[in-house]
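What the coordinates show
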Amino acid sequence: MTNSDASVLSFLGDEGITEEIKDMMSSLPRQKGWMVKYMYQFQGFWLPPSLLQGTINCQKHFQAQDSDVILVTNPKSGTTWLKALIFALINRKKFHDSQHQHPLLTHNPHALVPFLEEVYYKYPQVLPDDVVSSSSSCPRFFGAHMAHVSLPDSIKGSSCKIVYCCRNPKDMFVSFWHFGQKMASKESLFCPIEEAVKLFCEGSFLSGSFWDHVLGYWEASQKNPDKVFFITYEEMKERPRTHLKQMADFLGCSFTKEEEEKGMVDEIIRLCSFESLSSFEVNRKGKLPNGIETNTFFRKGKIGGWRDTLTDSLAEEIDRTSEQKFHGSGFKFQC
Ligand code: PAP
């Protein structure tokens with residue numbers, strides 16, 4: 001099987017969608033999407049049927065616990081990396097100096113941290129506890145791509161913690177573009193890059209609008225910094241030590257002086273670096289249960305990699321959109 005096999009594409013199509021969601025879809029704005037057959041606009045954001053079903057079921061059924069940790073990202077913004085970092089951070093006592101091999105050596109981070117929308121797409125009626133118990137994380141740790149407005153009430157209303165990571169839109173778009181070329185069918189990649197950038201800037205893109213997604217979590221983090229920790233991929237790359245320690249403080253598991261002296265901060269950063277994770281066999285040759293080859297999550301892992309794919313004028317188009325959308329918000333990407 002290759003990445004473009006039916007199992008992967010079905011996640012982006014409408015296979016497995018329940019009658020209830022199909023009914024709902026019929027009343028939502030719909031449009032053809034890049035990489036997906038159709039996307040539906042739900043609570044202001046464009047989702048393929050699978051993510052729509054996953055989001056709605058998650059809103060209905062997910063019961064957050066006060067100790068939960070939720071990582072939210074836009075796709076291609078550092079999900080795999082942050083899943084690894086946070087997993088290693090919150091489970092460090094369990095795996096440091098232990099007899100057991102660290103799970104990240106033998107599992108792709110996506111296999112350790114359930115993706116809420118995918119769990120609730122596949123198991124609409126089932127509580128995810130059985131899925132959670134197999135993830136071996138304590139406290140419970142989930143990933144999600146959903147917009148802030150779409151988070152289940154139980155996440156907003158409990159004391160669980162949200163880490164939000166975003167990435168400069170040029171690198172995010174380019175990462176997505178290459179992912180699409182590998183993963184999606186030719187028909188769904190219906191337009192040249194110029195048109196795809198235009199759709200991206202208009203917000204008519206998978207999980208978009210990118211900018212509204214970022215702003216939703218930026219504003220939430222400004223209002224409630226104890227609830228939402230907002231970080232960028234670029235900040236994490238440039239000062240991983242500082243930000244990992246801040247994240248530990250935020251999650252209530254600060255590094256002790258002794259742990260720092262033992263080099264545990266650097267150990268986690270090293271284990272989760274692009275070079276390290278991408279060298280493990282499970283991430284070179286493995287496959288996730290949904291059929292995606294794990295090596296598709298590791299390409300370059302650099303800041304500014306957009307330069308070999310976007311022309312200056314396409315980059316300017318994205319920069320202009322950022323200026324307009326972030327104007328007055330107090331947030332901007334550093335590069
Ligand atoms: P997802 O949202 O589909 O899970 P995600 O992990 O966010 O994808 O994005 C993949 C990007 O993160 C790739 O970026 P690139 O295409 O620009 O290279 C990938 O290389 C990068 N990435 C994966 N692991 C790491 C890591 N450990 N450190 C830094 N970047 C990483």
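The structure displayed is predicted, hence computed values, not measured ones.

1. Quick word on the nonpolar core
By size, the foremost hydrophobic cluster in this structure holds 59 residues, and its most contacted members are W34, F62, L116, I155, F173 and L310. By size, the runner-up hydrophobic cluster in this structure holds 38 residues, among which are V69, L71, M236 and I268.

2. A closer look at the site of the ligand
In the vicinity of the ligand lie 22 residues, with K76, T79, T80, S175 and K300 positioned nearest. One nitrogen or oxygen atom from the side chain of T79 is found 2.6 Å from an oxygen atom belonging to the ligand. Residue R299 places a side-chain N or O atom 2.7 Å away from an oxygen atom belonging to the ligand. Protein chains shield 96% of the accessible area of the ligand, which is 640 Å² for the free molecule. Secondary-structure elements contributing two or more residues to the shell around the ligand are helix 4 (79-90), helix 13 (233-238) and helix 17 (274-277). By residue number, the principal contributor to the shell around the ligand is helix 4, which donates 3 residues.

3. Points about the packing of aromatic side chains
A complete count under the given rule lists 27 aromatic pairs for this structure. Ring centres of F173 and W177 lie 6.2 Å apart, and the angle between their planes is 20°; on these two criteria the pair is classed as stacked. Taken together, the residues span about one helical turn, with F173 and W177 both in helix 10 (residues 169-183) at a distance of 4 residues. Accessibility expressed as a relative area gives 1% for F173, which makes it buried. Seen from their ring centres, F173 and F200 are 5.2 Å apart, and the 50° between their planes marks the pair as tilted.

4. Notes on the environment of L314
By the element assignment, L314 lies in helix 19 (residues 312-326). With relative accessibility at 4%, the residue L314 sits in the buried group. Expressed as a C-alpha distance, the spacing of L314 and F95, which sit 219 residues apart in the sequence, is 45 Å. Once you skip the residues sitting within four places of it in the chain, L314 turns out to touch I193, E194 and V197.

5. Brief notes about the sheet that holds strand 3 (residues 45-47)
A sheet is described by the order of its strands in space; here 3 strands give the open sequence 1-2-3, paired in antiparallel fashion. With one partner strand each, in any of the chains shown, strand 1 (30-33) and strand 3 form the two edges of the open sheet. The sheet shows a mean angle of 35° between the axes of neighbouring strands, direction not considered. Note: strand 2 (residues 36-42) against strand 3, 3 bridges, orientation antiparallel. The partner of Q41 across the bridge, within strand 3, is W46. In this fold helix 3 (residues 49-61) packs onto strand 2 and strand 3, with an angle of close to 35° to the strand it touches most, strand 2.

6. So, unusual backbone geometry
Residues G208 and S209 are joined by a peptide bond in cis, for which omega reads 10°. Its location among the elements puts S209 in the loop between helix 11 (193-202) and helix 12 (210-223). Positive phi, close to 80°, is recorded for M35, a residue that is not glycine. Its location among the elements puts M35 in the loop between strand 1 and strand 2.

7. Here we look at the sheet that holds strand 4 (residues 69-73)
As summarised here, the arrangement of the 4 strands in space is 5-4-6-7, forming an open sheet in which the pairing is parallel. The open sheet has two edge strands with one neighbour each: strand 5 (141-144) and strand 7 (228-232). Sheet twist, expressed as the mean angle between neighbouring strand axes with direction ignored, is 20°. Of the strands in this sheet, strand 4, strand 5 and strand 6 (161-166) touch helix 4, which is tilted by about 165° from strand 4. The strands that helix 14 (residues 240-250) touches are strand 6 and strand 7; relative to strand 7, the one it contacts most, it runs at about 170°.

8. Some words on the confidence of the model for the protein
When the pLDDT values of the protein are averaged, the result is 91; 91% of them are 70 or greater. Predicted confidence for residues 1-7 stays below pLDDT 50, and this span has 15 contacts to residues more than four positions away or in other chains.

9. Comments concerning the pairing of strand 6
Across the 6 residues that make up strand 6, a large majority, 5, are buried. Of the pairings in the sheet, the one linking strand 4 to strand 6 comprises 5 bridges and is parallel in character. In the sheet register, T73 faces strand 6, and the bridge partner there is C165. Judged from the 5 bridges that link them, strand 6 and strand 7 form a sheet pairing that is parallel. Looking at strand 7, one finds that C165 is bridged to I231.

Reading the values: the criteria
- Residues numbered from 1 in each chain as written.
- Predicted model: local features only at pLDDT ≥ 70, side-chain atom pairs only at ≥ 80, totals over all residues.
- Heavy atoms only, no water.
- Core = buried A, V, L, I, M, F, W, Y, C linked by side-chain atoms within 4.5 Å.
- Buried < 20%, exposed > 50% of the residue type's maximum accessible area, 1.4 Å probe, protein only.
- Near = heavy atom within 4 Å.
- Polar contact = N/O pair within 3.5 Å; in protein donor to acceptor, adjacent residues only side chain to side chain.
- Areas by Shrake-Rupley, 256 points an atom, 1.4 Å probe, with all protein chains shown as cover.
- Helix = DSSP H or I, 4+ residues; strand = E, 2+ residues; numbered from the N terminus.
- Phe/Tyr/Trp six-rings, centres within 6.5 Å; stacked < 30°, edge-to-face > 60°.
- Contact = heavy atoms within 4.5 Å.
- Pairing = 2+ DSSP bridges.
- Axes fitted to C-alpha atoms, helices over the stretch in contact; angles between N-to-C directions.
- pLDDT = per-residue confidence, 0-100.

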